[in-house]
Amino acid sequence: MRLFLFFFTFLFSFSVTAAPLDTFRLMVFGDSLAAGHRLPKKDAFYTRLEQALQDKGYDIQVINASKSGETTAGGLKRQEKALDKKPDAVLLELGVNDAIRGYPIADIRANLETLIETFQTNNIPVMLIGMQAPPTRPITYQQQFSKIYSDLATQYNLILYPFFMDGIFTRIPGSPLPFSDKVLNDNVHPNAEGVSLMVDRILPTVQEFLETQQDIIQK
């Protein structure tokens, strides 16, 4: 009798806490902008995105595989571990930390190519999220950096969201740096209001991406 009760309790506990096996697993593979730097988990991008998608009727789990300070080279080192999470699809958001450090454009592109190809080789579709180089970089570098994402989207036939921080900053005439009330006091990372705006703006593109996946399940 005790043995029966033990197994009943175990099975009941598992059924309540475990996610359904057919829940679609969308991984966000990025840097601090996606990881929710200095924000509570409830306000992080991946949490807000999951809630927004579930509100739209998607049976989905958004997995956080983002790391603060991450570069494209760092992403390559972490990719195998990320694959162990068994994602069904990936939002790839990396590169801005490379640009901040002034890394060569060719190296950034090569690293992103390898990341994309590795995911695709493992039958994991990729949506590419672009960034912009900081305004402190030479204009030629800024232009070449932005072009990486559009070129890769064309090369690998990917859905592209051109700029992850779209709508966050405002250019002020005569000022060398943009202004925003939607970032933390470091003037870089989004605050809770900023994350909410980012999710609202990227959501239609993520939905477009998900609709290309045959395995996505809606309630």
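Fair warning: this is a prediction, and the values are worked out from it, not measured in the lab.

So, the pairing of strand 3 (residues 89-93)
Turning to step 1, where the next piece is worked out: Buried residues dominate strand 3, accounting for 5 of its 5 residues.
Turning to step 2, where the next piece is worked out: What you see with strand 3 is no split at all: Ala89, Leu91 and Glu93 on one side and Val90 and Leu92 on the other are buried throughout.
Turning to step 3, where the next piece is worked out: Across 5 bridges, the pairing between strand 1 (residues 24-30) and strand 3 is parallel. Pairing of Val28 across the sheet is with Leu91, part of strand 3.

A look at the packing of aromatic side chains
Turning to step 1, where the next piece is worked out: Across all of its chains, the model carries 3 aromatic pairs by this definition.
Turning to step 2, where the next piece is worked out: On the basis of an interplanar angle of 80° and a centroid distance of 5.7 Å, the ring pair of Phe29 and Phe119 is categorised as edge-to-face. Residue Phe29 is found in strand 1, and its partner Phe119 is found in helix 6 (residues 105-121); the two are separated by 90 residues along the sequence. Of the two residues examined, Phe29 and Phe119, each falls in the buried class.

Brief notes about the packing of helix 3 (residues 45-55) against helix 8 (residues 192-210)
Turning to step 1, where the next piece is worked out: Direction vectors running N to C along helix 3 and helix 8 enclose 50°, while the axes themselves pass 9 Å from each other. When the axis of helix 3 is compared with that of helix 8, the two are oblique. The two elements helix 3 and helix 8 meet at a crossing, and its hand is right-handed. Contacts from Phe45, Arg48, Leu49, Ala52 and Leu53 in helix 3 reach Ala192, Val195, Ser196, Val199, Ile202, Leu203, Val206, Gln207 and Leu210 in helix 8.

Details of the nonpolar core
Turning to step 1, where the next piece is worked out: Residues Leu26, Phe29, Leu53, Leu92 and Phe145 are the most contacted members of the largest nonpolar core, which totals 65 residues.
Turning to step 2, where the next piece is worked out: Ranked by residue count, the leading element in this core is helix 8, at 9 residues.

Reading the values: the criteria
Residues numbered from 1 in each chain as written. Predicted model: local features only at pLDDT ≥ 70, side-chain atom pairs only at ≥ 80, totals over all residues. Heavy atoms only, no water. Buried < 20%, exposed > 50% of the residue type's maximum accessible area, 1.4 Å probe, protein only. Helix = DSSP H or I, 4+ residues; strand = E, 2+ residues; numbered from the N terminus. Pairing = 2+ DSSP bridges. Phe/Tyr/Trp six-rings, centres within 6.5 Å; stacked < 30°, edge-to-face > 60°. Axes fitted to C-alpha atoms, helices over the stretch in contact; angles between N-to-C directions. Parallel < 35°, antiparallel > 145°, perpendicular 65-115°, else oblique. Left-handed = near helix turned anticlockwise from the far one by under 90°. Contact = heavy atoms within 4.5 Å. Core = buried A, V, L, I, M, F, W, Y, C linked by side-chain atoms within 4.5 Å.

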